[in-house]
Amino acid sequence: MLIRRIFILSITLFLITKQNCAQTGPGGVGTSATNVLWLKAESEVYNNAGTTLASTTDNVQQWNDQSGNAKNALQAVVANRPNYFTNVINGLPAIRFSATNNDLILSAGVSTANLASVWAIASYASLPSSNPGILIASPAGSGTTVATSDKCIGIWVSSGAGTQVWGRGIQSNNTQQNISAVTTLNSNTFYIINNIYGTAQIDQYVNNTIAGNNTAHNGTLRSWTDVTVGRQANESWNGDIAEVIFYNVEVNSAQRIIIDNYLAAKYGLTLSSNDIYNKDTPGNGNYDFDVAGIGRVDAGNIHSAAQGSGIVRVLNPTGLGNNEFLIWGHDNGTLQATNVADVPSGVQARIARTWRVSEVNASSTAVSVGNIDIQFDLANLGSVTASDLRLIVDTNNDGVFTDETGISGATLVGGTVYQFSGVSAITNNVRFSLGTINKVQTPLPIELVSFTASFIEGKYVELMWTTATEKNNEYFEVQRSIDGLDWETITSIIGAGNSSTWQKYSFIDEHPYNLKSYYRINQVDLDTRSTQSPIVVVDLEGKLFYNIDIYPNPTSGELTIQGNSLEIDGFQIYDRFGREINLSLMISYINNHKIILDLSSLPSDIYILKTKNEVRKIIKTN
């Protein structure tokens with residue numbers, strides 16, 4: 001995550017989030033009905049049961065499913081948990097499995113079918129056993145089975161000559177169908193590995209090139225509702241896995257090529273064939289986020305509508321021919337209308353994110369898929385007037401939008417989705433973005449002029465923010481984080497509702513973290529929609545004076561001790577005779593700056609609290 005220290009900001013919040021309708025799959029292929037499991041190391045990896053995001057080197061207890069089916073992968077046994085590592089491949093994290101520890105993580109209850117399409121992004125450090133498993137899928141309750149007949153779907157690598165990848169399928173009649181091992185994988189090298197369990201055979205691909213098959217397969221699979229990642233039988237993977245994708249259908253060849261291009265762009269890998277999307281390189285601007293696409297191999301292998309994880313959906317191409325693809329990705333710019341300089345005449349602002357397109361065939365020759373409909377899901381944007389929206393296309397491919405003319409004609413097609421129909425301007429290489437000709441009317445949850453954080457009086461952080469205008473603004477939540485990932489709301493402040501004059505707000509955080517404190521403002525509209533400000537950070541390492549608050553005092557039950565972590569760490573409570581009270585059963589909540597004690601079992605009396613530098617009197621009542 002890129003954290004910027006921001007003292008003066010001039011921004012118009014133009015927040016857009018992922019669509020609220022049905023989940024779309026990797027590269028824009030499939031929905032939650034067919035994309036039945038999707039694990040991405042950059043999304044919702046936890047060191048506990050789904051409440052604390054993992055930090056680098058943490059054990060992984062839960063890895064959340066992104067398919068929309070909530071088939072989260074779990075590992076209850078501490079000794080068998082893999083580890084989370086950041087910045088492993090193309091700046092992205094991966095899950096590291098240890099063969100020594102017999103690591104694995106398992107997703108149960110996945111929706112099964114006779115067909116399947118499976119992907120893994122994997123790399124091994126060593127192969128300490130005969131056939132370390134990247135993944136298997138098995139009948140319910142058989143995730144750690146050693147029985148061959150239970151390994152309904154499998155991908156593993158032989159440690160014998162050639163270190164070749166292969167795998168298996170088990171038919172519904174329990175017949176074992178092995179995939180031929182013909183492709184060598186090198187250590188410490190990531191690969192896109194894909195098995196297609198089809199109606200007539202099993203095909204295995206590495207980096208989009210055929211790597212083995214089984215032509216005797218009868219097109220059925222035994223039930224495979226449990227998916228084990230990082231082990232097969234008792235042979236664990238000894239390396240990294242960054243992403244796992246399961247479909248319960250046989251994706252067609254156009255869809256397979258699109259998914260491989262999504263993965264190659266995301267992880268900085270090169271496909272051996274059909275490397276169609278080339279806007280993911282530094283020379284082309286690194287448009288490698290949320291890559292999705294449409295395409296056609298032939299009349300039986302077509303994918304003509306796609307969205308993926310982003311907000312852009314392309315559909316209804318009028319001239320999509322054989323061996324033609326249109327694939328797009330973005331530069332990870334913010335989804336806020338902060339760019340007021342690089343805009344065409346008449347456009348007041350555009351979102352900072354820019355998309356770029358490859359419209360080519362497998363030989364990277366430019367083609368035309370005809371006119372397209374392009375949609376933007378503007379969920380959580382606030383009020384939007386469709387006629388204010390402009391599709392901005394860099395038609396001459398000079399890298400700027402100022403010399404272009406915004407395309408009008410957006411219509412609301414349902415929910416928060418706005419469509420530009422019959423667009424001809426989006427062609428190979430071009431960039432595009434979305435702008436507004438009226439940033440007061442569309443969109444404007446609030447216009448934030450400044451947001452600052454200052455260290456004052458040697459122990460507090462003062463937060464101040466100013467809005468130029470507000471629309472349907474009910475209140476602000478001041479949120480704090482110790483790592484920029486996990487946030488807590490520390491106060492709420494009523495907003496001005498609707499205002500066209502400058503409004504100033506402030507709040508003093510009396511208990512900042514001793515190291516870095518990250519802050520943001522979460523603005524909540526009257527209709528409960530919310531948007532977040534950029535993040536500001538204050539580094540107070542070694543700067544804080546030590547002070548504590550205790551409340552309520554007197555108390556008949558709960559007592560809160562709040563203050564600097566260095567001050568309250570190792571606190572003690574004594575009775576009036578100087579005897580230390582055993583607190584092992586009294587702590588009901590604790591973090592590094594707040595402790596809540598349940599003193600209800602103590603008799604009414606006066607007690608003494610001692611922290612590192614403070615001594616306070618506590619009065620316990622009935």
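We now turn to the structure provided with this report. (Residues numbered from 1 in each chain as written. Predicted model: local features only at pLDDT ≥ 70, side-chain atom pairs only at ≥ 80, totals over all residues. Heavy atoms only, no water.)

**Observations concerning the nonpolar core**
- Of all hydrophobic cores here, the largest spans 44 residues; its most connected members are W63, I134, I153, W224, V229, W237 and F246.
- Residue contributions to this core peak at five residues, all from strand β9 (residues 116-124).
- In terms of nonpolar packing, the next biggest core, distinct from the first, is built from 33 residues, I192, I258, L263 and Y287 among them. (Core = buried A, V, L, I, M, F, W, Y, C linked by side-chain atoms within 4.5 Å. Buried < 20%, exposed > 50% of the residue type's maximum accessible area, 1.4 Å probe, protein only. Helix = DSSP H or I, 4+ residues; strand = E, 2+ residues; numbered from the N terminus.)

**Digging into helix α1 (residues 253-267)**
- Here α1 contains 15 residues, and its C-alpha end-to-end distance of 21 Å stays within 8% of the 21 Å for a straight helix at 1.5 Å per residue.
- With 15 of its 15 residues buried, α1 lies for the most part within the structure.
- You can read the cap of α1 off the contacts: a side-chain oxygen lies 3.0 Å from the backbone nitrogen of A254, and it is on N252.
- Directly beyond the C-terminal end of α1, a positive phi value near 65° is found at G268. (Expected span 1.5 Å × (residues − 1). Polar contact = N/O pair within 3.5 Å; in protein donor to acceptor, adjacent residues only side chain to side chain.)

**Considerations on the pattern of salt bridges**
- Counted under the stated rule, the structure contains 11 salt bridges.
- For the salt bridge of D605 with R576, the shortest nitrogen-to-oxygen distance reads 2.6 Å. A residue pair is termed long-range when its members are at least 10 positions apart, and D605 in strand β45 (residues 605-610) and R576 in the loop between β42 (572-574) and β43 (587-590) qualify at 29 residues.
- Judged by its relative accessible area of 23%, D605 is partly exposed.
- Judged by relative accessible area, R576 falls into the exposed class, the value being 51%.
- Residue E614 is joined to R616 by a salt bridge in which the shortest nitrogen-to-oxygen separation is 3.4 Å.
- For R616, a relative accessible area of 27% gives the class partly exposed.
- Salt bridges sharing partners connect three or more residues here, namely E42, E243 and K266. (Salt bridge = Lys/Arg side-chain N within 4 Å of Asp/Glu carboxyl O.)

**Points about the sheet that holds strand β30 (residues 411-414)**
- An order of β23-β24-β28-β31-β30 is seen for the five strands of this open sheet, with the pairing classed as antiparallel. The two strands at the open ends of the sheet, each matched to only one other strand, are β23 (305-306) and β30.
- Taken together, the two bridges between β23 and strand β24 (residues 312-315) define a ladder with antiparallel strand orientation. By the bridge assignment for β24, A306 is matched with V314. (Pairing = 2+ DSSP bridges.)

**Quick word on the sheet that holds β42**
- An order of β42-β45-β46 is seen for the three strands of this open sheet, with the pairing classed as antiparallel. In this open sheet, the two edge strands, each paired with only one partner strand, are β42 and β46 (615-620). The sheet shows a mean angle of 30° between the axes of neighbouring strands, direction not considered.
- Pairing analysis gives three bridges linking β42 to β45, with the strands arranged antiparallel. Its bridge partner lying in β45, Y574 is registered against I608. (Axes fitted to C-alpha atoms, helices over the stretch in contact; angles between N-to-C directions.)

**Remarks on the pairing of strand β29 (residues 389-393)**
- For β29, a buried count of five out of five residues is recorded, marking the element as mostly surrounded by other parts of the structure.
- With burial as the criterion, each face of β29 is covered, one bearing L389, L391 and V393 and the other bearing R390 and I392.
- Bridging between β29 and strand β32 (residues 431-436) involves five bridges; their strand directions are antiparallel. Bridging across to β32, R390 finds its partner in G435.

**With respect to the environment of S117**
- By secondary structure assignment, the location of S117 is in strand β9.
- When near neighbours in sequence (up to four residues on either side) are disregarded, S117 contacts N195, I196, I245, F246, Y247, V249, E250 and V251.
- One polar contact links the side chain of S117 to the main-chain amide nitrogen of V251, over a distance of 3.0 Å. (Contact = heavy atoms within 4.5 Å.)

**Side note on the packing of aromatic side chains**
- By the definition in use, this model includes 13 aromatic pairs.
- Through a chain of ring-to-ring contacts, three or more aromatic side chains come together here, namely W355, F376, F420 and F432.
- One cation-aromatic arrangement involves K40 over W38; the distance from NZ or CZ to the ring centre is 4.3 Å.
- Against the face of W156 rests K151, its NZ or CZ located 5.9 Å from the ring centre. (Phe/Tyr/Trp six-rings, centres within 6.5 Å; stacked < 30°, edge-to-face > 60°. Lys NZ or Arg CZ within 6 Å of the ring centre and 35° of its normal.)

**As for the environment of R616**
- With respect to the helices, strands and loops of the structure, R616 is situated in strand β46.
- For R616, the residues in contact, after removing those within four places along its chain, are I548, I550, Y607, I608 and L609.
- In terms of polar contacts, R616 uses its side chain to reach the side chain of E614, at 3.4 Å.

**Remarks on unusual backbone geometry**
- The linkage connecting Y551 with the following residue, P552, adopts the cis geometry, with an omega of -15°.
- Looking at the element boundaries, P552 is found in the loop between β40 (548-551) and β41 (558-563).
- In this structure, P554 follows N553 across a cis peptide bond, with omega equal to 10°.
- Its location among the elements puts P554 in the loop between β40 and β41.
- Of note in the backbone geometry, N102 takes a positive phi value of approximately 55° without being a glycine.
- Looking at the element boundaries, N102 is found in the loop between β7 (92-97) and β8 (105-107).
- Take N102: its relative accessible area is 32%, and that puts it in the partly exposed class.
- If you check the backbone angles, N188 has positive phi at about 55° while not being a glycine.

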